[in-house]
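Structure at a glance
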Amino acid sequence: MPPSPLASPPGDPERTRQLRRVALSGLLGTAVEFYDFLVYGTVAALVFGELFFPGADPAVGTVAAFGTFAAGYVARPLGGIVFGHFGDRLGRKSMLLLTMGLMGGASFLIGLLPTYDAIGVWAPVLLITLRVLQGIAIGGEWGGATLMVVEHAGERRRGLWSSFTQMGAPLGSLLSSLVVTFVVAMPRDQFAAWGWRVPFLLSVVLLGVGLFVRLKVVESPLFAEVKKDRAESSLPILDVLRRPRPLLLACCVGIGAFTAQSLLTSYMIAYATGIGYARPQVLTALTVSACVALVVLPCASALSDRIGRRPVVLAGAVASAALAFPVLALVDSKSPGLLILAVVLGHGVAQSTMYGPLGALLTEMFGTRVRYTGASLGYQGATLIGAGFSPMIAGSLVAGSGNGTPVALLLCGGAAITALTVCFVRETSKASLADTTERPTTPHTEEIRA
């Protein structure tokens, strides 16, 4: 067996340089992906109901608009399977270039899409089609970007380094909020006529920057070793599904983070504006929360390197459940300052604490031969369950009850699933990546071949 590429001296300048480049690539690439994906969610909450689903009751139009939002989440696992398969067979880098190009292209085309008034029913059909393409792209992006960073980091501070990819989510949210805040400041008729297109069209600039950085990244040393030994899995998805326990745990452990992310960002725009907040006030709250998350995420991830992934994720889940009803009470106060505090506590602090260590944790749960597929499916399964349908469920329940209690209950439910799952997940922060076996999921599970 050739020596592992992770056995190189920790102070090797070239390895450190590559690790920094990969981390920057993960940060920018994931920020581009989340910018495109979250811009859709924000604009859907503000104007898609009237532009693509006219004639419906306003509440039905909002639910229909969020239905296309869910379509992107439903497509995510498919993207995880497709890009995971080729990422585990052919390499990580090439798949990351494809996912970024597909995501940016779909977002740009949404900005050019005619509305219902121009082409009738084809407008929502094309909108959903492009949304599905976005979902497929992001389904392959996160897993590849995260495991590239983790595999380059090897045995040193994987949590901290993987947090750069995790920070792409709040950075993308911050960028999308800033751009949307700028365009919604224009008169309503101008925003509905053409202003909503600007955030989508601007994505081509971010796409160019992201591709430029990503082209300079080298292939994962662990995958290069597997490729050299011709030890790739012929059908990674079958190897993952043959022993589904790690995949099921990976899906469930992320549900709390994604439920909170969806309800306290995209859905919060519709909910808060519905009870009287001005749109700029809500977007300001989301912007401040994203800034806080950019600080909390690396801190939580670095802490998970020291005390373990499980305690940090569990602490975030407990905080999310404990803050659920106070957060909704702050929002319902109709005070702009308390709205900011609510979103910062629920999303910037509690959700970010859960979310930070997930990159390293999910990556460490699978062996090198199936890591792209396993980590991608685990992550995207969690997003589908936790975030894909939460806005629609919340919207329907709030419309029926007339208050925000269902939102708090959904936050508590997602956090409870994460907290319970943590009890069954084995601590992986000190586990070695330099092998091709799957990680055991409990202290009593035997090592199994991938």
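Residues numbered from 1 in each chain as written. Predicted model: local features only at pLDDT ≥ 70, side-chain atom pairs only at ≥ 80, totals over all residues. Heavy atoms only, no water.

A short note on the pattern of salt bridges
Rules: A pairing counts as a salt bridge when a side-chain nitrogen of Lys or Arg comes within 4 Å of a carboxyl oxygen of Asp or Glu. Only DSSP runs of H or I covering at least 4 residues are called helices, and only runs of E covering at least 2 are called strands; the numbering of each starts at the N terminus. Only protein chains enter the accessibility calculation, which uses a 1.4 Å probe. A residue is then buried if its area is under 20% of the maximum for its type, exposed if over 50%, and partly exposed in between.
Using the criterion set out here, one finds 9 salt bridges in the structure. Of the charged contacts, one joins Arg 188 and Glu 50 as a salt bridge, the two residues approaching to 2.4 Å between their closest N and O atoms. Remark: Glu 50 occurs in helix α1 (residues 13-52) and Arg 188 occurs in helix α8 (residues 188-193); sequence separation between them is 138 residues. Here Arg 188 falls in the partly exposed class, since its relative accessible area comes to 34%. A residue is classified by how much of its surface remains accessible, and Glu 50, at 43% relative accessible area, is partly exposed. With a closest N to O distance of 2.9 Å, Arg 92 and Asp 88 form a salt bridge. Arg 92 sits in the buried class, given a relative accessible area of 0%. When its relative accessible area of 2% is taken as the criterion, Asp 88 is described as buried.

Details of the packing of aromatic side chains
The cut-off we apply is this: Side-chain rings of Phe, Tyr and Trp (the six-membered ring for Trp) are treated as a pair once their centres are within 6.5 Å; stacked means planes under 30 degrees apart, edge-to-face means over 60, and tilted covers the remaining angles.
The final tally for this structure, using the stated rule, is 12 aromatic pairs. Arranged with centres 5.1 Å apart and planes meeting at 70 degrees, the rings of Phe 48 and Phe 52 form a pair that is edge-to-face. With Phe 48 and Phe 52 both in helix α1, this residue pair falls 4 residues apart, about one helical turn. Arranged with centres 4.9 Å apart and planes meeting at 85 degrees, the rings of Phe 258 and Tyr 379 form a pair that is edge-to-face. Placement of Phe 258 in helix α14 (residues 255-264) and of Tyr 379 in helix α20 (residues 371-388) is noted, with a sequence separation of 121 residues between them. Note on accessibility: Phe 258 and Tyr 379 belong to one class, buried. Through a chain of ring-to-ring contacts, three or more aromatic side chains come together here, namely Tyr 40, Phe 48, Phe 52, Trp 196 and Phe 200.

As for unusual backbone geometry
Residue Lys 334 is not a glycine yet carries a positive backbone phi of 65 degrees. With respect to the helices, strands and loops of the structure, Lys 334 is situated in the loop between α17 (309-332) and α18 (336-355). Look at Lys 334 and you get exposed, because its relative accessible area is 55%.

Topic: the nonpolar core
Stated precisely, the cut-off is as follows: Among buried residues, those of type Ala, Val, Leu, Ile, Met, Phe, Trp, Tyr and Cys that are joined through side-chain atoms within 4.5 Å constitute a nonpolar core. Residue ranges for the domains originate in an automatic or database domain assignment. Residue contacts are counted whenever heavy atoms from the two residues lie within 4.5 Å of one another.
Core analysis: the biggest nonpolar cluster contains 54 residues, and Val 47, Phe 48, Phe 52, Ile 110, Phe 191, Trp 196 and Phe 200 have the highest contact counts within it. A total of 11 residues in this core trace back to one element, the largest contributor, which is α1. Each of two domains, domain 1 (14-222) and domain 2 (236-431), supplies a minimum of three residues to this core. Not counting residues within four places of it along the chain, the set of residues in contact with Trp 196 comprises Val 43, Val 47, Phe 48, Leu 51, Phe 52, Ile 110, Leu 113, Thr 115 and Phe 191. Phe 34, Ile 237, Val 240 and Ala 419 belong to the second-largest nonpolar core, a separate cluster that totals 40 residues.

Here we look at the environment of Gly 308
Here Gly 308 is to be found in the loop between α16 (279-307) and α17. With relative accessibility at 2%, the residue Gly 308 sits in the buried group. Residues Gly 308 and Gly 159 lie 149 residues apart in sequence; the distance between their C-alpha atoms is 9.3 Å. The contact partners of Gly 308, leaving out residues within four places of it in the chain, are Leu 303, Glu 427 and Ser 429.

Quick look at the side chain of Thr 259
Positionally, Thr 259 belongs in helix α14. Among all residues touching Thr 259, those that are not within four sequence positions of it are Gly 386, Ala 387, Ser 390, Leu 410, Leu 411 and Gly 414.

Regarding the state of the cysteines
Short version of the rule: Cysteine sulfurs are considered disulfide-paired once they come within 2.5 Å of each other.
Counted according to the given criterion, the structure contains 0 disulfides. For the unlinked cysteine Cys 252, the closest cysteine sulfur is that of Cys 251, found at 6.5 Å.

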